[in-house]
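Chain residues, written in single-letter form:
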Amino acid sequence: MEYSNKQPELEVKTKKLIEEDGLKFKDLNGDGKLDPYEDWRLSPKERAENLVSLMNIDEKIGMMLINSRKMGLSQEDKKKTSHDGVLDESIVEKGETIFATSKVYGTTHTIENRKLRHFILRDNFSPAEMAEWINKMNEVAEGTRLGIPVLIASNSRNEHAEPVFGMNDAGGIFSTWPGTLGLAAAAQGEIKDGGDASLISEFAKIARDEWDATGIRKGYMYMADTVTDPRWQRTYGTFGEDPEFISDAIGRLIDGFQGKALGKDSIAMTTKHFPGGGARENGFDPHYEEGKWNLYPTPGSLEKYHLPPFRAAVEHGTSSIMPYYSIPSIKKSVVQEFEGKDIPFEEVGFTFNQYFINHILREKLGFKGYINSDSGIINNMSWGVESLSEAERFAKAVNAGTDIVADTNDIENLKLAISKGWISENRINEANERLLTEMFTLGLFDDRTYNSPESATTVISNKANWDAAYEGHKKSVTILKNQNETLPLTAEKLDGKKVYVEVLHKEEERATAYTEKARKECLELGQFTLTDNYEEADVAIMFLHPKSGSYFNATPGLLELDICQDKVVSALDGSLYQETTITGINRLKEVADNVRSRGGKVVVSVNVTLPWLLGNVEPLADALIAGYDTFYNAQFEVIAGNSQPVGVLPMTLPASEQVIAVYQNGESVSRNDVPGYDKDKYMPEGLSYAYKDSDGNVYTLGHGLRY
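What counts as what
Residues numbered from 1 in each chain as written. Predicted model: local features only at pLDDT ≥ 70, side-chain atom pairs only at ≥ 80, totals over all residues. Heavy atoms only, no water. Salt bridge = Lys/Arg side-chain N within 4 Å of Asp/Glu carboxyl O. Helix = DSSP H or I, 4+ residues; strand = E, 2+ residues; numbered from the N terminus. Buried < 20%, exposed > 50% of the residue type's maximum accessible area, 1.4 Å probe, protein only. Phe/Tyr/Trp six-rings, centres within 6.5 Å; stacked < 30°, edge-to-face > 60°. Pairing = 2+ DSSP bridges. Right-handed = clockwise from strand over helix to strand, strands pointing away. Contact = heavy atoms within 4.5 Å. Axes fitted to C-alpha atoms, helices over the stretch in contact; angles between N-to-C directions. Core = buried A, V, L, I, M, F, W, Y, C linked by side-chain atoms within 4.5 Å. Expected span 1.5 Å × (residues − 1). Parallel < 35°, antiparallel > 145°, perpendicular 65-115°, else oblique. Nonpolar A, V, L, I, M, F, W, Y, C, P; charged D, E, K, R; others polar.

A. Region of the structure containing the pattern of salt bridges. Following the criterion strictly, the structure yields 52 salt bridges and no others. Among the salt bridges present, the one from Lys 45 reaches Glu 49, with a minimum N-O distance of 2.5 Å. Note that Lys 45 and Glu 49 are positioned in helix H1 (residues 44–54) at a spacing of four residues, about one turn of the helix. According to the relative accessible area criterion, Glu 49 is partly exposed, its value standing at 34%.

B. Spotlight on the packing of aromatic side chains. A full pass over the atoms with the stated rule returns 23 aromatic pairs. Summarising the aromatic geometry, the rings of Trp 211 and Phe 257 are spaced 6.3 Å apart at their centres and angled 85° between planes, so their arrangement reads as edge-to-face. Taken together, the positions of Trp 211 in helix H6 (residues 198–214) and Phe 257 in helix H7 (residues 243–258) put the pair 46 residues apart, joining distant regions of the chain. The pair Trp 211 / Phe 257 is uniform in exposure class, with both members buried. Taking the centre distance of 5.5 Å and the plane angle of 85° together, the rings of Phe 274 and Phe 310 count as edge-to-face. Here Phe 310 lies in helix H9 (residues 308–315) and Phe 274 lies in strand E9 (residues 268–274), a separation of 36 residues in the sequence. An aromatic cluster is present here, built from Phe 174, Trp 177, Phe 203, Trp 211, Tyr 222, Phe 239 and Phe 257 joined pairwise through their rings.

C. How the structure looks around the pairing of E9. With respect to burial, E9 is a largely interior element, seven of its seven residues being buried. Relative to E9, strand E8 (residues 218–219) runs parallel, the two sharing two bridges. Paired with Lys 218 across the strands is Ala 268, a residue of E9. Regarding the hand of the β-α-β motif, the stretch spanning E8, H7 and E9 is right-handed. Where E9 meets strand E11 (residues 320–323), four bridges bridge the pair, whose relative direction is parallel.

D. Region of interest: unusual backbone geometry. In this structure, the amide linkage connecting Met 221 to the following residue, Tyr 222, adopts the cis form with an omega of 0°. With an omega dihedral of -5°, the bond running from Phe 274 to Pro 275 counts as a cis peptide bond. Among the structural elements, Pro 275 can be located in the loop between E9 and strand E10 (293–294). Non-glycine residue His 83 carries a positive phi angle of around 50°.

E. Spatial organisation of the sheet that holds E9. The eight strands lie next to each other as E3-E6-E7-E8-E9-E11-E15-E16, forming a closed barrel whose pairing is parallel. Pairing of strand E6 (residues 118–121) with strand E7 (residues 151–154) involves three bridges; the strand directions are parallel. Bridge assignment links Ile 120 to a residue of E7, and that residue is Ala 153. Those strands touched by helix H10 (residues 354–364) are E9, E11 and strand E15 (370–375), and its axis lies near 135° from that of E15.

F. The arrangement of the nonpolar core in detail. With 120 residues, the main nonpolar core has Phe 239, Phe 257 and Leu 436 as its most contacted residues. Formed by 47 residues, the second largest nonpolar core is a distinct cluster that contains Leu 504, Trp 612, Leu 649 and Val 669.

G. Inspection of helix H13 (residues 425–441) at higher detail. Given a rise of 1.5 Å per residue, 17 residues ought to cover 24 Å, and the 24 Å separating the end C-alpha atoms of H13 matches this to within 8%. Counting buried residues in H13 gives 12 out of 17 residues, a clear majority hidden from the surface. Within H13, burial applies to Arg 427, Ile 428, Asn 429, Ala 431, Asn 432, Arg 434, Leu 435, Leu 436, Glu 438, Met 439, Phe 440 and Thr 441.

H. Expanded view of the packing of helix H11 (residues 390–400) against helix H12 (residues 411–419). Relative to each other, H11 and H12 sit at 70°, their axes nearing to 8 Å. In this view, H11 runs roughly perpendicular relative to H12, as classed from their interaxial angle. Residues Glu 390, Ala 391, Phe 394, Ala 395 and Val 398 of H11 touch H12, and the partners they reach there are Asn 413, Leu 414, Leu 416 and Ala 417. Grouping the constituent residues of the contact of H11 with H12 by class yields seven nonpolar, one polar and one charged.

So this is what it looks like as structure tokens:
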């Protein structure tokens, strides 16, 4: 089959170009003749099959691992770098970080000797510096025996959020939108007003151009998980709790980043975390042992709430899918069905789970791409297979259908599993063909090996993209409560009045820095007369940034969703400890009481990264706003009435501790596997799941007021 006859622009750094039929090709293995894998006229699949036939076992093993990789710029000791400081050549000894479970070598050694070709970038430098780094890695790779290029993956980079390793590794370099919950709030708001989710499509198209220009060609995104357990730490990276909306959003994201079909201008997407990470056991996260179970106590919940977004991902041709760490629990679930057949639960993490990967995902849903494990499944998060050796875990994962194992360079244990005969050569070849087909399709062997750093700078400084992102921030702002039409704070309402602005955060240093930033942005807007003394203010605007837990460490008890300080709570073992989600909650009351006692108004904005309990906050507010890592200036514009409020809640906010309480036996009052909008079907009599405010507004999925 002929693929294309149009001569691509080829660039080589260490190998030579050869001519055939008046056309140019890269002689990647340096043998002076045109091999099928070097022939850009052939299909990616044909080229991949040919290349696999030429690879030795070490090259195949290296292809099946992906590891985090630092840039030389983040290396303080410049003697430990190469290529003018661009590549990091340092050695990290085993155990220095949660994911450094085997020794990490320098970049050149890893490419040349350990044969890895897939790398995760977590650093955050300029677009030109990222492009240059990827170019140098490809230069090293081109010089190897078969000249196989590298493919760089990253977690999402276009959302505004505080940095979290493994989730928000980077922000602020590419056009910066609100958090994913904010994108959902904005798009669902436009749907409520009679429009559609095209904001998501626009976001994806803009982000794709930026990624493409730097040469980061693989995205570990997006989360297709439906939020059903309110205490799940990773809620903020999702698109909320509505499976129908999430399915639409995921389809649009894949179409936007990959195009209608994967090609040489695509960003290959890895949709995660199959079959949905939302059904947590009381919110505990599977990065640690307490969170290793997925629970399905409700008949039909897996098929109805959790699988639809993955069906959409497959239908839109996602290049790759990442299974979750967690184990489906037999004891704490009822039998789940898929397309009329009972699903047999094997109590191992989904990346080791043959039935879910091969039967549901490949056979039933028709998935054609490859399976990319989550980070650390061989060492730390090997739930359900803890008793196996590391080599046996590799065998279990690969035989279950996992094609590439994340955040490891442990070639030794994968090789051991193969040498013992635990993984067949056919299976190794199949995984390599899938992985290489993606690389050929992306043009990495041809005209997309190298990228222009200058062009990367130009694309990312495009003002229109940043303006579109700012519009997204404004549209995400969600008005939850607006007593006596407190908002908008128009010029008439504020005539001769003073406004006080403050930010509260769990960390006091951040609160101080953010307060300064919010006041500066408020001044720049030029519509409010500011005072830094709340005792003379007529209006107080208070931004709250609560924080709870960390998804790498379990809290002693359940994750705290109350907005509180020094609250005494009980650990799982019955002992007492204190929990703070915001420092200065009394400060909020002090400011609110003072301003209101003088007839003033209080506007409170809560940063919704989790479904917070608002009982300590809402009664103090005349107007209550939800933001989602939304810029302060965008919120001020909606507060001032320059922009109409568009956002709605992408998930239900719980009424109280009572509705999310956990009994002594570990069972939750509200179902772990059912989204907030449907929880009332299963609540004990007399309990309603959603929060109701003093105005009678109910904070359920889709709630958002208009002016």
